[in-house]
Each structure stands twice: as structure tokens, then as C-alpha cells.
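Chain by chain, the residues:
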Amino acid sequence: MIYLQLFWEFFKIGLFAVGGGMATLPFLQRLSESTGWYSQSLITDMIAISESTPGPIGINMATYVGYNVGGVLGGVVATMGEILPAIIIVVIVSRYLEKFRGSKLVDSAFYGLRPAVTGLIAAAGISVVQVSMFRLELYQQTGAVLDLFDFKKLIYFALVFFAIKKFKKHPILYIAASAVVGIALMF
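Residues numbered from 1 in each chain as written. Predicted model: local features only at pLDDT ≥ 70, side-chain atom pairs only at ≥ 80, totals over all residues. Heavy atoms only, no water.

## A look at a nonpolar patch on the surface
Link 1 in the chain: Residues Ile2, Tyr3, Tyr67, Val72, Leu73, Val76 and Met80 make up a contiguous nonpolar surface patch of about 650 Å² in total accessible area.
Link 2 in the chain: Elements that contribute at least two residues to the nonpolar patch include exactly α1 (2-16) and α4 (57-100).
Link 3 in the chain: With 5 residues, α4 is the single largest residue contributor to the nonpolar patch.
Link 4 in the chain: With respect to the helices and strands, Ile2 occurs in helix α1. (Patch = residues over 30% accessible without salt bridge, like charges linked within 9 Å, V, L, I, M, F, W, Y side chains within 5 Å. Areas by Shrake-Rupley, 256 points an atom, 1.4 Å probe, with all protein chains shown as cover. Salt bridge = Lys/Arg side-chain N within 4 Å of Asp/Glu carboxyl O. Helix = DSSP H or I, 4+ residues; strand = E, 2+ residues; numbered from the N terminus.)

Written as C-alpha cells, this is what we have:
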């Protein structure tokens, strides 16, 4: 039963998360709340792992969740659920592309999708910032404003952001350095 649920949940995500892997984040957050398969804070770990491994982030995250919930078979099932909608849509679109090329209706639909996709990605980004740099649970318990901020992580974020803008090195260097710093400082 868990495999069918994994397939169905990721089929829906693959069908409606238009705009790439980061657009899957709001769906993954909702999935976390509805199923309890993983915590909201684990989403940031999934992003880090998915961004650090080859392949599309949405598919990597589906594989990660599926594996954690149902082992190797769960990973395969969740991944298939994630990619099947894209395969179906590409087959259908490729059959009818010539017919709709230059269609005002199709152009208008894409015009409307662009801001919606931007909104999905922005919402996901804000959620990741909240989970990774703020301590909302502690703040809700104490009510103290200073408890809201995780100052070590905010300072480290500012340093990495500055380094990226100033030195413009390959992203893998920042990822590797951040992993080492995280281990050294036990974030």
C-alpha cells in the first residue's frame, strides 16, 4: 500500500510542479505535513543532497523520500511517479506541437504560467530560509525576539553570499567548504 501511495503522491507532484525542481518544494512541504514521512527541517537536507548530486532536483528529492519511506523499491516507485507525468505530457505535446506552434492561446497560457512558477519558487525559497536560518519553534516557546534568529547560520550565510559575489568560484567549492565548516562547527 505504501508503494501505491508513494507513486500517487509523486505523480501529483510531477504533474503540477511546473517550472523545475525548486517548484516541487511547496508540494513536498505539504506532503510532509499530510503524511508525516519526513520533517520540514529534513527538506533543507534533501535540497542540499539533491543539489549536490547529478540529475534534476525534483527527481532526486523523489528518490530520496521514496528510499527513506520504502527502501530501494520505494525510491524507484516515487521516482517513476515523479517522471511519468512529464513523459506523458512530452509525448502528447510532441504529437501536436506543429499544430499549436504560434497559437495565441498557447502563448497566453505560457505567459500566465511564468509568474505562477516564479511565485512557487519564491515561496519555496522563503520556506527554506525560514527552516535553515531561523528558530521558529524556540521563538514560539519563549516569545523572545533574539531566540528567533540563529545568528551562527545567518553570519555564515552572509559570509558565503559575500564570497560567492566577490570571488565567483565554482559552486562545488562553496558546497564542499560549507560541508567542512558544518562538520567543524556542528551546525
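## Things to note about the packing of aromatic side chains
In this description, an aromatic ring pair is defined by two values, namely the gap between the centres and the angle between the planes.
Link 1 in the chain: Under the criterion given, the structure shown has 5 aromatic pairs.
Link 2 in the chain: Look at Phe149 and Phe151: their rings are 5.7 Å apart centre to centre, the planes differ by 40 degrees, and that puts the pair in the tilted class.
Link 3 in the chain: The class of Phe151 is partly exposed, set by a relative accessible area of 44%.
Link 4 in the chain: Among the aromatic residues, those joined into a ring-pair cluster are Phe7, Trp8 and Phe11. (Phe/Tyr/Trp six-rings, centres within 6.5 Å; stacked < 30°, edge-to-face > 60°. Buried < 20%, exposed > 50% of the residue type's maximum accessible area, 1.4 Å probe, protein only.)

## Remarks on the pattern of salt bridges
Link 1 in the chain: Tallied over the entire structure, the rule returns 2 salt bridges.
Link 2 in the chain: Residue Lys12 pairs with Glu9 through a salt bridge whose shortest N-O separation is 3.4 Å. Residue Lys12 and its partner Glu9 are located together in helix α1, separated by 3 residues, close to a single helical turn.
Link 3 in the chain: Note that Asp150 and Lys153 form a salt bridge whose closest N and O atoms lie 3.9 Å from each other.
Link 4 in the chain: The class for Asp150 is buried, based on a relative accessible area of 15%.
Link 5 in the chain: Its relative accessible area of 27% is what places Lys153 among the partly exposed residues.

## Observations regarding helix α2 (residues 25-35)
What sets the pattern is the α-helix's 3.6 residues per turn: residues three or four places apart point alike.
Link 1 in the chain: Of the positions making up α2, those classed as buried are Leu25, Leu28, Gln29, Leu31 and Ser32. One side of α2 carries all its buried residues, which in axial view fall inside an arc of 160 degrees. Turned more than 90 degrees away from the buried face of α2, the exposed residues are Arg30, Glu33 and Ser34.
Link 2 in the chain: In this fold, the buried residues of α2 make contact with α1, α3 (40-52), α4 and α5 (104-133). (Arc of directions from axis to C-beta. Contact = heavy atoms within 4.5 Å.)

## With respect to the nonpolar core
Link 1 in the chain: Counting residues in each nonpolar core, the largest one holds 19 residues, and the members touching the most others are Phe10, Leu25, Leu28, Leu31, Tyr38, Ile43 and Met61.
Link 2 in the chain: Elements that contribute at least two residues to this core include exactly α1, α2, α3 and α4.
Link 3 in the chain: When residues in this core are grouped by element, the largest group, 6 residues, is from α4.
Link 4 in the chain: Contact partners of Ile43, with chain neighbours within four places excluded, come to Leu25, Leu28, Gln29, Tyr38 and Met61. (Core = buried A, V, L, I, M, F, W, Y, C linked by side-chain atoms within 4.5 Å.)

## Looking at α4
Link 1 in the chain: The terminal C-alpha atoms of α4 lie 30 Å apart, and with 44 residues this falls more than 12% below the ideal 64 Å at 1.5 Å per residue.
Link 2 in the chain: Remark: the principal bend of α4, roughly 145 degrees, maps to Gly70.
Link 3 in the chain: Looking one or two residues past α4, Gly102 carries a phi angle of roughly 80 degrees, positive in sign. (Expected span 1.5 Å × (residues − 1). Bend = angle between axes of the 7 residues up to and from the residue.)

## Structural notes on the packing of α3 against α5
Link 1 in the chain: Two numbers describe how α3 lies on α5: the axes approach to 9 Å, and their chain directions differ by 105 degrees. With respect to each other, α3 and α5 are oriented roughly perpendicular. Packed against α3, whose contacting residues are Gln40, Ser41, Thr44 and Ile47, the element α5 presents Val128, Val131 and Ser132 at the interface.
Link 2 in the chain: A breakdown of the residues in the contact of α3 with α5 according to their chemical character gives 3 nonpolar, 4 polar and no charged. (Axes fitted to C-alpha atoms, helices over the stretch in contact; angles between N-to-C directions. Parallel < 35°, antiparallel > 145°, perpendicular 65-115°, else oblique. Nonpolar A, V, L, I, M, F, W, Y, C, P; charged D, E, K, R; others polar.)

## Digging into the side chain of Glu82
Link 1 in the chain: Tracing the chain through its elements places Glu82 in helix α4.
Link 2 in the chain: Among buried Asp, Glu, Lys and Arg side chains, Glu82 stands out as unpaired, with Lys12 the closest opposite charge at 12 Å.
Link 3 in the chain: Ignoring any residue separated from it by four or fewer positions in sequence, one finds Glu82 in contact with Phe10, Phe11, Ile13, Gly14, Thr24, Gly58, Ile59 and Ala62. (Lys, Arg positive; Asp, Glu negative; His and termini not counted.)

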